[in-house]
Amino acid sequence: MWGIWSRTMVKVGMAKPCGLIKPCHLVKPVSVTRVTGRYLTHQKGLPSLPVPPLQQTCERYICALEPIVEVDELSHTKELVDEFQKAGGVGERLQKGLENRARNTENWLSQWWVQVAYLEYRLPVVVHSSPGLVLPRMNFSDKQGQIRFAAKLIAGVLDFKTMIDNEAIPVEYLGGKPLCMNQYYEVLSSCRIPGRTRDSVVNHAKSSRPPIHITVVHNFQFFSLAVYNSDGTPLTADQLCIQLERICSDSLKADMEPVGILTTQHRDAWGKAYVNLTKDKTNRASVSAIQRSIFTVCLDGAMPQVSDDMYRSCAAVQMLHGGGSQWNSGNRWFDKTLQFIIGEDGVCGANYEHAPAEGPPIVALIDHVVEYTRKSEEKVRSPMVPLPMPQKLHFNITPEIKKDIEEAKHAMNILAQDLDMKVYVFSHFGKNVPKAHKMSPDAFIQMALQLAYYRMYQHCCATYESASLRMFRLGRTDTIRSASSASAAFVKAFDDPSKQNTEKVDLLEKAVQAHRSYTNIAIGGQAIDRHLLGLKMVAVEEKLSIPKIYTDSAYAKALHYKLSTSQVPSQTDCVMCFGPVVPDGYGVCYNPMNDHINFAVSSFNTCEETKAAHLAKAMEEALLDMRTLLEQTPRAKL
Ligand code: COA
Ligand code: HC5
């Protein structure tokens, strides 16, 4: 019942440093494409995702299992893997099927991935799939400030949309290689639609009449707001301010049925409720307006008052799930690909539905918007034409729908109670320290996480880190398996008094190197997880019996990611967050800046063994201890 991140697999490796995804506005605008068709030319020039050699994946799979399964279990799995990959065996047949698919599709993986990881994943998108993003606290503290800021933010998004519409988003690079830019075209004007057993995503940006409105939700009431003047120019911030004021005064009452809470439900339940909801013509039109809109802006009511040191953790909760039905969980449409969330107290951020895109394009958009809102208040003359009233989206609530809403409230409140979220800013150092020691900062942070976990639990666990596959056309992600034999040797030695510091440093270097190496393997399309998934999917599609390697207990362990992690860098000092992918695990999202690192750690309260704040504290200690070790130990090679 848990997602593909807890069901799919991984591996281990070695390599040399290569750069990260450059936020698009940091890339010199030489590669800006303005002419329609340039985007397509760029896309066509990208390589196709390769199918890794079967034997390579099998070998790496065994290596990946070493730190996380018992010796007996591993020898049993080795037998299964040998059987699978032997000449004339089922592995070869599946590999041929996959290679055939690769020849006949733009990307053999992407469509399967979206189906399996998102559209057929039935847990609520809230907490379990949709990430949150928290911006630094903005400088306002009342309704007027909230409205003014929201207006500027909308203008900023529309400014970015103009770049998308003009195909003028500068191409991004990873390790010097150009990246697939497709995801930028999927985040606006799109929405997930629930189904009884599988969802779908619609994107209205490419329709013959692309939408010109956004949705605004305030006090659980939805509005359609046209954001373009009749001459096609976007509304100015002043015009948007007037419209948002009208929306707020037309939705003063806070006792409306929170229809949006339905989108927090388990997907099967929501799929069923959706049929009930959209039987009514008015409801159908309102839902369609939300789905078609360019994006959603949630003007939130107050959240529980907290002390300053809790502020960011509470803001993360607000972005991730809204706090429960009595707070802002109903002030959302979680199926919407992009929702901006703005409170009255200067809190500001976003929630995004993950199926159409990864974090980096969303972050690039948000970085642009923040920059836009910070720009001097240049006075743009607003057209002197009267603006049409924003349209309220009405819902007729039948007793059946009312019951669905009550059930959704109940389930959402249990989930909100269950989520334990800790945002922690590690302020002692950032990328600067590992760089000074000639180590990959990402690998250094991942090794600190391995050490923190080992100190808490005295064993290593299957660990997932997202790796971008955007070097390939329509690429999404593969898995970096951060727990390796090298990381296990390092964490076991670290607190062992019988080990010399020089040996510990050597083990740290090897572990960091193994991680950086596997990262290069993963971003180069040679990791094991998506390949193993692909082989399994061929078996499913060709109605073959599922090979034993997939029903093996080691495979289940390999996919039970007690650490689910992702590096999401940004230009703005923000923090991204997501929930754990297994009931007894952690979600760890981090944003390494030059001199500090923002972490969001999540866990579930129903699991007695996990506590977000404890892992955050252990991370702090691990990072500091690793620095001390490096500083105190002369390194042989230097
Ligand atoms: N010595 C000195 N500097 C080094 C170094 C070394 N040995 N190794 C790396 N560096 C530098 C890099 O050059 C880079 O420099 P920059 O800050 O000037 O760009 C910086 O350190 C960061 O590199 P590193 O920490 O190794 O990681 P990365 O930026 O290559 O990122 C991943 C690694 C896995 C995060 C990245 O490849 C990736 O796939 N990102 C996408 C993840 C994603 O999609 N997340 C969201 C999913 S929704
Ligand atoms: C705003 C940025 C959020 C990052 C979300 C993320 O990393 O999602 C991962 C996607 C992937 O395919 O690896 C999944 N994960 C949250 C389970 C790590």
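A brief report on the enclosed structure follows. (Residues numbered from 1 in each chain as written. Chains lettered and ligands numbered in written order. Predicted model: local features only at pLDDT ≥ 70, side-chain atom pairs only at ≥ 80, totals over all residues. Heavy atoms only, no water.)

1. Things to note about the site of ligand 2
Right, on to step 1. Taken together, the neighbourhood of ligand 2 is formed by 18 residues, with His354, Tyr464, Ser466, Thr477 and Ser566 sitting nearest.
Right, on to step 2. One of the side-chain nitrogen or oxygen atoms of serine 466 is found 2.7 Å away from an oxygen atom of ligand 2.
Right, on to step 3. Between ligand 2 and threonine 477 there is a distance of 2.6 Å, counted from an oxygen atom to a side-chain nitrogen or oxygen.
Right, on to step 4. Contact with the protein chains hides 96% of the accessible area of ligand 2, taken as 470 Å² for the molecule alone. (Near = heavy atom within 4 Å. Polar contact = N/O pair within 3.5 Å; in protein donor to acceptor, adjacent residues only side chain to side chain. Areas by Shrake-Rupley, 256 points an atom, 1.4 Å probe, with all protein chains shown as cover.)

2. Observations concerning the packing of aromatic side chains
Right, on to step 1. Here the structure, examined in full by the defined rule, presents 19 aromatic pairs.
Right, on to step 2. Taking the centre distance of 4.4 Å and the plane angle of 45 degrees together, the rings of tyrosine 39 and tyrosine 185 count as tilted. Remark: tyrosine 185 occurs in the loop between strand 3 (177-178) and strand 4 (190-193) and tyrosine 39 occurs in helix 2 (residues 38-44); sequence separation between them is 146 residues.
Right, on to step 3. The buried category is assigned to tyrosine 39, whose relative accessible area is 13%.
Right, on to step 4. Considering the side-chain rings of phenylalanine 222 and tryptophan 333, the 5.7 Å spacing of their centres and the 90 degrees angle between planes classify their relative orientation as edge-to-face. (Phe/Tyr/Trp six-rings, centres within 6.5 Å; stacked < 30°, edge-to-face > 60°. Helix = DSSP H or I, 4+ residues; strand = E, 2+ residues; numbered from the N terminus. Buried < 20%, exposed > 50% of the residue type's maximum accessible area, 1.4 Å probe, protein only.)

3. Re helix 9 (residues 237-249)
Right, on to step 1. In a regular helix each residue adds 1.5 Å, so 13 residues correspond to 18 Å; helix 9 covers 18 Å between its end C-alpha atoms and thus fits that length.
Right, on to step 2. Looking only at helix 9, the buried set comprises Gln239, Leu240, Cys241, Gln243, Leu244, Ile247 and Cys248.
Right, on to step 3. Elements in contact with the buried residues of helix 9: helix 8 (143-165), strand 6 (213-218), strand 7 (221-226) and strand 8 (296-299). (Expected span 1.5 Å × (residues − 1). Contact = heavy atoms within 4.5 Å.)

4. Let's talk about the sheet that holds strand 18 (residues 597-604)
Right, on to step 1. Strand order in this open sheet of six strands is 12-18-17-15-13-14, and the pairing throughout is mixed. In this open sheet, the two edge strands, each paired with only one partner strand, are strand 12 (419-426) and strand 14 (477-481). When strand polarity is set aside, the average angle formed by the axes of neighbouring strands in this sheet is 20 degrees.
Right, on to step 2. When strand 17 (residues 586-592) meets strand 18, the two strands line up antiparallel, connected through six bridges. Residue pairing for strand 18: valine 588 is matched across the bridge by valine 601.
Right, on to step 3. In the packing of helix 16 (residues 441-457) onto the sheet, the strands contacted are strand 13 (463-468), strand 15 (563-567), strand 17 and strand 18, and the crossing angle to strand 17 comes to about 150 degrees.
Right, on to step 4. Packed onto the sheet, helix 19 (residues 529-541) meets strand 13 and strand 14 and runs at close to 120 degrees relative to strand 14. (Pairing = 2+ DSSP bridges. Axes fitted to C-alpha atoms, helices over the stretch in contact; angles between N-to-C directions.)

5. Some thoughts on the side chain of glutamate 73
Right, on to step 1. By secondary structure assignment, the location of glutamate 73 is in helix 4 (residues 71-85).
Right, on to step 2. Beyond its immediate sequence surroundings of up to four residues, glutamate 73 is in contact with Ser553, Ala554 and Lys557.

6. Some remarks on the state of the cysteines
Right, on to step 1. Per the stated rule, a full pass over the model turns up zero disulfides.
Right, on to step 2. Of all cysteine sulfurs, the one in cysteine 241 lies closest to cysteine 248, which takes part in no disulfide; the gap is 9.8 Å.
Right, on to step 3. For cysteine 248, a relative accessible area of 6% translates into the label buried. (Disulfide = S-S within 2.5 Å.)

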